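Below, each chain spelled out in residue letters.
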Amino acid sequence: MRGSSVDDRKGYRRISLELVLTKKQKEILINHAQSNFPNESCALLFGTEESGTCTVMDIFLAKNTDDSPINFTISNEELLQGYQEAEQKKLDVIGIFHSHPHSEAIPSLTDKKFMVINPVIWVISNKHDELRAYILESSVIQVPVKIV
Ligand SMILES: [Zn+2]
């Protein structure tokens, strides 16, 4: 994500992050999760980052090619399509969403592994339709979610 690498390199404490999404966007993600139940669902979040405020502008719903209740994979083709679409819209891929239909909205060990490769905000929903957001810095930290 833009803006963070300079601070990291200098060893400064990174500016605190916040994820902003609209009620409608939350609804889209929760509906996506419900329509994929009992399997995990996934999506890319397009948006902008400014001074630590990550604002979701668009959502790219993806297919979980694992068809699994405990894992998800977005195919390389769909990832490429997602990144191209973000670029066309002059937005960044600021987050990855997936659902935990049967557990808490906390990153699993597998999630943590992939958070290393995909250092964006990870948004996870649980079966109670609650959203939580995380980012991996030196450890996984929770990012406040603001619904507007
Ligand atoms: Zn997960």
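Residues numbered from 1 in each chain as written. Predicted model: local features only at pLDDT ≥ 70, side-chain atom pairs only at ≥ 80, totals over all residues. Heavy atoms only, no water.

Turning next to the layout of surface pockets. As a volume, the largest pocket reaches approximately 460 Å³. Contributing to the lining of the largest pocket are 24 residues, with F72, T73, D111, F114 and W122 lying nearest its centre. Within the residue set of the lining of the largest pocket, elements represented by two or more residues are helix 3 (76–88) and helix 4 (109–117). Of the residues forming the lining of the largest pocket, the biggest block, four residues, is contributed by helix 4. Residues belonging to the lining of the largest pocket are distributed by class as follows: 14 nonpolar, eight polar and two charged. (1 Å grid on protein atoms, 1.4 Å probe; cavity = no way out; pocket = protein on both sides within 12 Å on 5 of 7 lines; lining within 4 Å. Points joined across faces, edges and corners; volume = space filled by probe spheres on them. Helix = DSSP H or I, 4+ residues; strand = E, 2+ residues; numbered from the N terminus. Nonpolar A, V, L, I, M, F, W, Y, C, P; charged D, E, K, R; others polar.)

Okay, a nonpolar patch on the surface next. Among the surface-exposed residues, F114, V116 and I117 lie close enough to one another that they form a single nonpolar patch of about 300 Å² accessible area. A relative accessible area of 58% means that I117 is categorised as exposed. (Patch = residues over 30% accessible without salt bridge, like charges linked within 9 Å, V, L, I, M, F, W, Y side chains within 5 Å. Areas by Shrake-Rupley, 256 points an atom, 1.4 Å probe, with all protein chains shown as cover. Salt bridge = Lys/Arg side-chain N within 4 Å of Asp/Glu carboxyl O. Buried < 20%, exposed > 50% of the residue type's maximum accessible area, 1.4 Å probe, protein only.)

So, about the pattern of salt bridges. If the charged atoms of two oppositely charged side chains come close together, the side chains can form a pair. A complete count under the given rule lists four salt bridges for this structure. Across the salt bridge formed by K89 and D58, the nearest N and O atoms sit 2.5 Å from each other. Taken together, the positions of K89 in the loop between helix 3 and strand 4 (92–99) and D58 in strand 3 (residues 53–62) put the pair 31 residues apart, joining distant regions of the chain. With relative accessibility at 22%, the residue D58 sits in the partly exposed group. Between E85 and K89 there is a salt bridge, with the nearest N and O atoms lying 3.3 Å from each other.

Turning to the packing of aromatic side chains, a few remarks are in order. Applying the stated rule across the entire model yields two aromatic pairs. For the ring pair F46 and F60, a centre distance of 6.0 Å and an interplane angle of 25 degrees mean the geometry is stacked. Taken together, the residues span a long stretch of sequence, with F46 in strand 2 (residues 42–50) and F60 in strand 3 at a distance of 14 residues. (Phe/Tyr/Trp six-rings, centres within 6.5 Å; stacked < 30°, edge-to-face > 60°.)

Before going further, it helps to examine the coordination of the zinc ion. Around the zinc ion, the protein contributes the donor atoms H98 (NE2), H100 (NE2), D111 (OD) and D111 (OD), at 2.0 to 2.7 Å from the metal centre. Metal-centred angles of 53 to 158 degrees between the four donor atoms at the zinc ion mark the site as irregular. Here the donor residues of the zinc ion are spaced in sequence according to H-x1-H-x10-D. In this pair, H98 is assigned in strand 4 and D111 in helix 4, connecting sequence segments 13 residues apart. One exposure class covers both H98 and D111, and it is buried. (Donors = N, O, S within 2.8 Å, 3.2 Å for Na, K, Ca; no water. Tetrahedral: all angles 85-135°; square planar, octahedral: opposite > 155°, others 65-115°.)

A few words on the sheet that holds strand 8 (residues 145–147). Spatially, the eight strands line up as an open sheet ordered 7-6-5-4-2-3-1-8, and their pairing is mixed. Taken across any chain shown, the strands that pair with only one partner, and hence form the sheet edges, are strand 7 (140–143) and strand 8. In this sheet, neighbouring strand axes are inclined to one another by 35 degrees on average, regardless of whether the strands run parallel or antiparallel. Contacting strand 2, strand 3 and strand 4, helix 3 runs over the sheet at an angle of about 135 degrees to strand 3. (Pairing = 2+ DSSP bridges. Axes fitted to C-alpha atoms, helices over the stretch in contact; angles between N-to-C directions. Contact = heavy atoms within 4.5 Å.)

Looking at the protein as a whole, the pLDDT averages 92, with 90% of positions reaching at least 70. Overall, residues 3–11 carries pLDDT values under 50, and its contacts beyond four positions in sequence, including any with other chains, amount to four contacts. (pLDDT = per-residue confidence, 0-100.)

The subject of this paragraph is the pairing of strand 5 (residues 121–125). The buried fraction of strand 5 is high, at five of five residues. Side chains I121, V123 and S125 of strand 5 all project onto a buried face; the interleaved residues W122 and I124 project onto the opposite face, where all are buried too. Regarding the hand of the β-α-β motif, the stretch spanning strand 4, helix 4 and strand 5 is right-handed. Here four bridges tie strand 5 to strand 6 (residues 131–136), and the two strands are oriented antiparallel to one another. In the strand pairing of strand 6, W122 is matched with Y134. Where strand 5 folds back on strand 6, the antiparallel hairpin that results is connected by five residues, among which D129 adopts a positive phi of roughly 60 degrees. (Right-handed = clockwise from strand over helix to strand, strands pointing away.)

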